[in-house]
Amino acid sequence: MLRVLGIETSCDETAAAVVEDGRHIRSNVVAAQVELHAQYGGVFPEMASREHVAKIVPVVEQAMAQAGIQWADLDAIAVTHGPGLAGSLLVGVNMAKGLALANGLPLVGVNHLEGHIYASWLASAEEPQFPLLCLIVSGGHTELILMRDHGQYELLGATLDDAAGEAFDKVARLLGLGYPGGPAIQKTAEQGDVSKLRLPRAWLEGTYNFSFSGLKTAVLNLVKQDGLRAGDSRLPVGDIAAAFQESVVDVLVEKTRLAAEQFAVKQVLIGGGVAANQRLRERMRERMPAPVLIPPVALCTDNGAVIASAGYFHFAKGERSGWDLDVVPGLRLADDE
Ligand code: KG4
Ligand code: ZN
């Protein structure tokens, strides 16, 4: 049995977890910074890295205590080294190096996106069935990835402008719904009537790319057209939120379905914070031609367990990072990452 400590600090969650054999979660501690960033309506990078500095030690200590293990019981330390905010990533990477050095443990650098992919098998009895398709939708990413084996990734398409989660966050701000926007839009949409309004869908036919900026502008025009503004009680926020959510979900689901058919995949996975969206989860389950794996909501947003799980698969293949492991804010998902 192999036990990995996973550390994640790429954005605004300070997180650490202990996972056994890449599947069994012994602990998963997440200190979110939502309240801190809510006042700015989005993540404030400088503040995020300072919060990581203040929280990383207690978060790691708590993950070890909850797992009920000693340092000697670990086999490796996995850490996100990109993509993400440079100042935030540095905190996690340096913590991981310090712990690895002090305890004589191997270090494994992990791509954050792989964490969102491996979330699907974590805490699940399913095995990966290749080829498979992954839709990663988060605050910073909207990517459709074909995976032919562990460590073999082909990027089929990505967003040309805003990420899906970013669109949720920006539209929530336009509607005066607060931050983070995803959960706020989902909740508000439940009170709305989805048939009242129809917002545009950017199909970008012939490609697997996405675009959400036109949709955001359409919402802005709707708000301005009535001479209203965010927070005005006359704004039909429920209907707008429902129409917006439907438009995003429609494009995500239909483009994923097309790719799943074209590449005859055996499994479809979704991951990233937006995969927590109930409407997306529902529509994915209805529309895919192959079995769909969706992580529990708590494993969709950023956490250390998914990093420990992705790190385990690299570690088990004999991969190790050197002391020169660097942070790479724009890290891409490459083959044998
Ligand atoms: O994966 P994540 O925790 O962090 C990044 O790597 O970006 O994703 C955060 C994003 C935010 O944009 C947030 O608004 C969105 O995920 N999100 C949701 C929901 N919960 C979180 N979007 C739509 N519906 C949700 N229920
Ligand atoms: Zn993420």
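Residues numbered from 1 in each chain as written. Chains lettered and ligands numbered in written order. Predicted model: local features only at pLDDT ≥ 70, side-chain atom pairs only at ≥ 80, totals over all residues. Heavy atoms only, no water.

Undergrad: Hey, could you go over the packing of helix α2 (residues 45-67) against helix α3 (residues 86-103) for me, with residue numbers and the actual values?
TA: Packing of α2 against α3 brings their axes to within 8 Å, and their N-to-C directions diverge by 30°. In terms of orientation, α2 lies roughly parallel with respect to α3. Of the two possible hands of crossing, α2 and α3 adopt the one that is right-handed. Counting all contacts with α2, which are made through Ala 48, Ser 49, His 52, Val 53, Ile 56, Val 57 and Val 60, the residues of α3 involved are Gly 87, Ser 88, Val 91, Met 95 and Leu 99. Its residues placed into classes, the contact of α2 with α3 shows 8 nonpolar, 4 polar and no charged. (Axes fitted to C-alpha atoms, helices over the stretch in contact; angles between N-to-C directions. Helix = DSSP H or I, 4+ residues; strand = E, 2+ residues; numbered from the N terminus. Parallel < 35°, antiparallel > 145°, perpendicular 65-115°, else oblique. Left-handed = near helix turned anticlockwise from the far one by under 90°. Contact = heavy atoms within 4.5 Å. Nonpolar A, V, L, I, M, F, W, Y, C, P; charged D, E, K, R; others polar.)

Undergrad: Tell me about the domain arrangement of the chain, residues and numbers included.
TA: Each domain of the chain was delimited in the assignment, giving domain 1 (3-118 + 299-336) and domain 2 (129-295). Placing the centre of domain 1 and that of domain 2 at their C-alpha centroids yields a distance of 26 Å. For the pairing of domain 1 and domain 2, the buried interface totals around 1,800 Å² over both sides, and the portion due to carbon and sulfur atoms is 66%. Our count for the contact surface shared by domain 1 and domain 2 stands at 0 salt bridges. Put simply, domain 1 and domain 2 have 4 residue pairs in polar contact (both at pLDDT 80 or more) between them. For the side of domain 1 that touches domain 2, the secondary-structure elements that each account for two or more residues are α1 (34-38), α4 (112-118) and α10 (297-300). No other element matches α4, which puts 5 residues into the side of domain 1 that touches domain 2. (Domains from an automatic or database assignment. Buried area = accessible area lost by both parts, 1.4 Å probe. Salt bridge = Lys/Arg side-chain N within 4 Å of Asp/Glu carboxyl O. Polar contact = N/O pair within 3.5 Å; in protein donor to acceptor, adjacent residues only side chain to side chain.)

Undergrad: Any chance you could break down the coordination of the zinc ion (ligand 2) for me, citing the residues and the numbers?
TA: Taken together, the protein donors to the zinc ion (ligand 2) comprise His 112 (NE2), His 116 (NE2) and Asp 302 (OD), at separations of 2.0 to 2.2 Å. Read in sequence order, the donor residues for the zinc ion (ligand 2) give the motif H-x3-H-x185-D. Linking His 112 with His 116, this pair stays in helix α4, spanning 4 residues, or about one helical turn. Judged by its relative accessible area of 7%, His 112 falls in the buried class. (Donors = N, O, S within 2.8 Å, 3.2 Å for Na, K, Ca; no water. Buried < 20%, exposed > 50% of the residue type's maximum accessible area, 1.4 Å probe, protein only.)

Undergrad: Lay out the side chain of Asp 250 in plain terms, naming residues and giving numbers.
TA: Relative to the assigned elements, Asp 250 resides in helix α8 (residues 237-262). Ignoring sequence-local partners within four residues, the contact set of Asp 250 consists of Arg 201, Trp 203 and Arg 283.

Undergrad: Describe unusual backbone geometry, and please don't skip the residues or the numbers.
TA: Between Gly 82 and the following residue, Pro 83, the backbone shows a cis peptide bond with an omega angle of -10°. When you line up the elements, Pro 83 lands in the loop between β4 (76-82) and α3. Residue Pro 180 follows Tyr 179 across a cis peptide bond; omega there is -5°. Its place among the elements puts Pro 180 in the loop between α5 (164-174) and α6 (181-190). Its identity as a non-glycine residue notwithstanding, Asp 21 has a phi of 50°, on the positive side. Tracing the backbone through its elements, the reader meets Asp 21 in the loop between β2 (13-20) and β3 (24-32). The phi torsion at Leu 204 lies on the positive side, around 45°, for a residue other than glycine. Inspection of the secondary structure assignment puts Leu 204 in the loop between α6 and α7 (213-225).

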